[in-house]
Amino acid sequence: MTQPAPSAQHNGPDKGTVAAPSDTPPSKSGGGMPALGLRLDVRILSLLGVLAALILVGGITEPDTFLDTGNLQLILTQASVIGVVTVGMTFVIISGGIDLSVGAMVALASVWATTLATQEYGFAGIAFTAVIVGLAAGLVNGVLIAYGNMVPFIATLAMLASARGLALQITDGKTQIVTVDSVLDLGLPDSYILGIPPLVIMFAVVVIVGWLILNRTTFGRRTVAVGGNAEAARLAGIDVRRQRLYLYLLSGLCCGIAAFMLIVLAGSGQNTNGNLYELDAIAAAIIGGTLLSGGRGTIVGSVLGVLIFTTITNIFALNNLQSDVQQIAKGAIIVAAVLVQGRTMRGRET
């Protein structure tokens, strides 16, 4: 039987101890919880400040369009799909892994769930197929990495290529139109609850569940411990291989849910769905404070990262700026976030 992880603390990049089961490691100055809470608040408040600044820019440059209720609903809806993927990616990165196949898994799940044979089973058939395909792809990743001892980068890169190829084979390069009214209705304004699109509500539920799992369960503590130091976690009684398997299953589950949401949003399944989702999800997690080396991360920060990138894309589109400028801006933000992370970690060492 696997024993629960001890509450040993991880005090920085020196991975000689098991990481602390929290969004941020405790202060080395002995400040305890007040210092931890202050550091967390500063990071979250900084992200909120950036988001507020972007909203201000959007309101100034396109006041009649950006602040329109319909546009704000659009931003939240678009953020919801990649946001669900980012929740799963955050868990994987906190554990010290990476998943480059999330976009391809979304594409595969979306086209498999929109075949004519699947659509004959209606709403339940489409939703069930999308989730099962995502779980199956995540299971393959997890088995290869946890029990096949493959490097996560290589295993998920192979899944990226394989899933994209299979999605292309299923569709034969064609768009599969959804004809199930109960699925399409979820994307219509008539289905909004108090002005909130159903996809946004689904995203909120995933975020809440993800936050609770990471911060209030043994599974979350073990995830942080494995990312802090896998060998120390193993010696503490954690089944590291099984934990990694579960994490990639979780990532696949999130991809399946996102695929169903994308089907609702687009009304179709295409082999090009989820293009570059892996980069957007990784970038959002990094912006939110998740360390690429593992051992630390926060669901709230990742969500704010998603909202920041989605808002940037919306502002650029409203101002008719080219997509290459958007990518340059995103790249600059990622570089800045990584530099800030590195400076923060060096500060804790001294």
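As the structure is a prediction and not an experimental result, all values here were calculated from the model.

Explain the overall build of the protein to me, please; I cannot follow it from the model alone.
Tallying secondary structure elements over the protein gives 15 helices and two strands in all. In the protein, which comprises 350 residues, the proportion classed as buried is 50%. Look at the contacts in the protein between residues 6 or more apart in sequence, and 76% of them connect residues 24 or more apart. About 15800 Å² of surface is accessible on the protein, with carbon and sulfur atoms providing 66% of the total.

Before we go on, may I ask you to explain the pattern of salt bridges in this structure?
Where charged atoms of side chains with opposite charge meet at close range, the side chains can pair. Following the criterion strictly, the structure yields one salt bridge and no others. Two residues, Arg234 and Glu231, come together in a salt bridge whose shortest N-O distance is 2.5 Å. Separated by three residues within a single helix, Arg234 and Glu231 lie in helix α11 (residues 230-235), roughly one turn from each other. Here Arg234 falls in the partly exposed class, since its relative accessible area comes to 45%.

What is the right way to read helix α3 (residues 69-94) from this model?
Residues that lie three or four places apart on an α-helix share one face, since the helix turns once every 3.6 residues. Under the 1.5 Å per step criterion, the end-to-end length of α3 is 35 Å for 26 residues, consistent within 8% with the ideal 38 Å. Maximal helix bending in α3 amounts to about 35 degrees, located at Ser80. Where burial is concerned, most of α3 is hidden: 20 out of the 26 residues are buried. Taking the backbone nitrogen of Gly70 as reference, a side-chain oxygen 3.0 Å away marks Asp68 as the first, capping residue of α3. Looking one or two residues past α3, Gly96 carries a phi angle of roughly 95 degrees, positive in sign.

Sorry, what's going on with the packing of α3 against helix α9 (residues 198-216) here?
Helix packing for two helices is described by the angle between their axes and how far apart those axes are. Across the interface, α3 lies against α9 with an axial gap of 8 Å and an inter-helix angle of 20 degrees. Judged by the angle between their axes, α3 and α9 are roughly parallel. Considering only the axes of α3 and α9, their crossing is left-handed. On the side of α3, the interface is formed by Leu76, Thr77, Ala79, Ser80, Gly83, Val84, Val87, Phe91 and Ile94, while α9 contributes Leu199, Val200, Phe203, Val206, Val207, Gly210, Ile213 and Leu214. Across the contact of α3 with α9, the residue classes tally to 13 nonpolar, four polar and no charged.

I keep staring at helix α4 (residues 102-112) and nothing clicks. Help me out?
With respect to burial, α4 is a largely interior element, 10 of its 11 residues being buried. Residues of α4 that are buried include every one of Val102, Gly103, Ala104, Met105, Val106, Ala107, Leu108, Ala109, Ser110 and Val111, and no others.

How do you make sense of the nonpolar core when you look at a structure like this?
Inside soluble globular proteins, nonpolar side chains tend to come together where they are buried. With 73 residues, the main nonpolar core has Val85, Val106, Ile126 and Val183 as its most contacted residues. Residues Ala225, Ala233, Ile238 and Val240 belong to the second largest nonpolar core, which totals five residues.

Help me out: how do you make sense of the environment of Gly103 in this one?
Within the element layout of this structure, Gly103 appears in helix α4. Judged by its relative accessible area of 0%, Gly103 falls in the buried class. Sequence separation between Gly103 and Gly274 is 171 residues, and the spatial gap between their C-alpha atoms is 4.2 Å. Beyond its immediate chain neighbours, meaning those up to four positions away, Gly103 contacts Arg164, Asn273, Gly274, Tyr277 and Glu278.

What counts and what doesn't
- Residues numbered from 1 in each chain as written.
- Predicted model: local features only at pLDDT ≥ 70, side-chain atom pairs only at ≥ 80, totals over all residues.
- Heavy atoms only, no water.
- Helix = DSSP H or I, 4+ residues; strand = E, 2+ residues; numbered from the N terminus.
- Buried < 20%, exposed > 50% of the residue type's maximum accessible area, 1.4 Å probe, protein only.
- Contact = heavy atoms within 4.5 Å.
- Areas by Shrake-Rupley, 256 points an atom, 1.4 Å probe, with all protein chains shown as cover.
- Salt bridge = Lys/Arg side-chain N within 4 Å of Asp/Glu carboxyl O.
- Expected span 1.5 Å × (residues − 1).
- Bend = angle between axes of the 7 residues up to and from the residue.
- Polar contact = N/O pair within 3.5 Å; in protein donor to acceptor, adjacent residues only side chain to side chain.
- Axes fitted to C-alpha atoms, helices over the stretch in contact; angles between N-to-C directions.
- Parallel < 35°, antiparallel > 145°, perpendicular 65-115°, else oblique.
- Left-handed = near helix turned anticlockwise from the far one by under 90°.
- Nonpolar A, V, L, I, M, F, W, Y, C, P; charged D, E, K, R; others polar.
- Core = buried A, V, L, I, M, F, W, Y, C linked by side-chain atoms within 4.5 Å.

The quantities given are spatial measurements derived from coordinates; they are silent on function.
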